[in-house]
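Results of the structural survey
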Amino acid sequence: MRSPWIENYQGEWKNGGGFLISIRIIDDKKASVDITQNGQPLQRPWCAHAPANNLNALYRGDEGMGLEIDLGRDGFALFLDYECEGTFYEKECLTAGVSRLEVDQEAEQWTSFIGIETYFRHE
């Protein structure tokens, strides 16, 4: 494990659905994130199909030590939680979840565009 904790997120992470998340740490609270699927930048229909490149991410150390990635729509975010080797799996991983504002029913259709399977470090 590294300190500060956000450094654990640095690097490339891949899941079984063909998603690859690249995380570059900016400082102890911020990161920049790219999301690709099957080698192509993820297109975001909620952002006029803009690619998911250089997304802003905020480390939430005071709220459970997770990384919140702004997907480009108010209240629509991908949350990643770092798990140490041996916690749930034999190697380190990121668990993922998507959140949206409760009143934003339109965003519900897009939650399937984001890979929320467990991510493992891509080497």
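Residues numbered from 1 in each chain as written. Predicted model: local features only at pLDDT ≥ 70, side-chain atom pairs only at ≥ 80, totals over all residues. Heavy atoms only, no water.

Okay, the packing of aromatic side chains next. Within the structure shown, the criterion is met by seven aromatic pairs. A ring pair is formed by Trp46 and Trp110, whose centres lie 5.7 Å apart and whose planes are at 45°; its orientation type is tilted. Of this pair, Trp46 sits in the loop between β5 (43–44) and β6 (50–51) while Trp110 sits in the loop between β10 (93–99) and β11 (119–121); the two residues are 64 residues apart in sequence, bridging distant segments of the chain. For the pair Trp46 and Trp110, one class covers both residues: buried. (Phe/Tyr/Trp six-rings, centres within 6.5 Å; stacked < 30°, edge-to-face > 60°. Helix = DSSP H or I, 4+ residues; strand = E, 2+ residues; numbered from the N terminus. Buried < 20%, exposed > 50% of the residue type's maximum accessible area, 1.4 Å probe, protein only.)

Turning our attention to the pairing of strand β8 (residues 66–73). In this structure, strand β7 (residues 55–60) lies alongside β8, joined through four bridges in antiparallel fashion. Looking across to β8, one finds that Ala57 is bridged to Ile69. Looking at chain direction, β8 and strand β9 (residues 76–83) are connected through six bridges and run antiparallel. From the neighbouring strand, Arg73 faces β9, where its bridge partner is Phe76. The hairpin turn running from β8 into β9, its antiparallel successor, is two residues long, and Gly75 in that turn takes a positive phi close to 80°. (Pairing = 2+ DSSP bridges.)

Once that is clear, we can look at the pairing of strand β1 (residues 11–14). Strand direction decides the pairing type here: β1 and strand β2 (residues 19–25), joined by four bridges, are antiparallel. Note that in β2 the partner of Trp13 across the bridge is Ile21. What sits between β1 and β2 in their antiparallel hairpin is a turn of four residues, with Gly18 showing a positive phi close to 85°. Alignment of β1 against β11, held across two bridges, turns out to be antiparallel. Following the sheet pairing, Lys14 is matched in β11 by Phe120.

Per the counting criterion, the structure on display carries seven salt bridges. The closest approach of N and O atoms between Asp34 and Arg24, which form a salt bridge, is 3.1 Å. Residue Asp34 is found in strand β3 (residues 30–37), and its partner Arg24 is found in strand β2; the two are separated by ten residues along the sequence. Exposure remark for Asp34: the relative accessible area of 18% places this residue in the buried category. When its relative accessible area of 29% is taken as the criterion, Arg24 is described as partly exposed. We note a salt bridge from Arg73 to Glu106, for which the minimum N-O separation is 3.0 Å. (Salt bridge = Lys/Arg side-chain N within 4 Å of Asp/Glu carboxyl O.)

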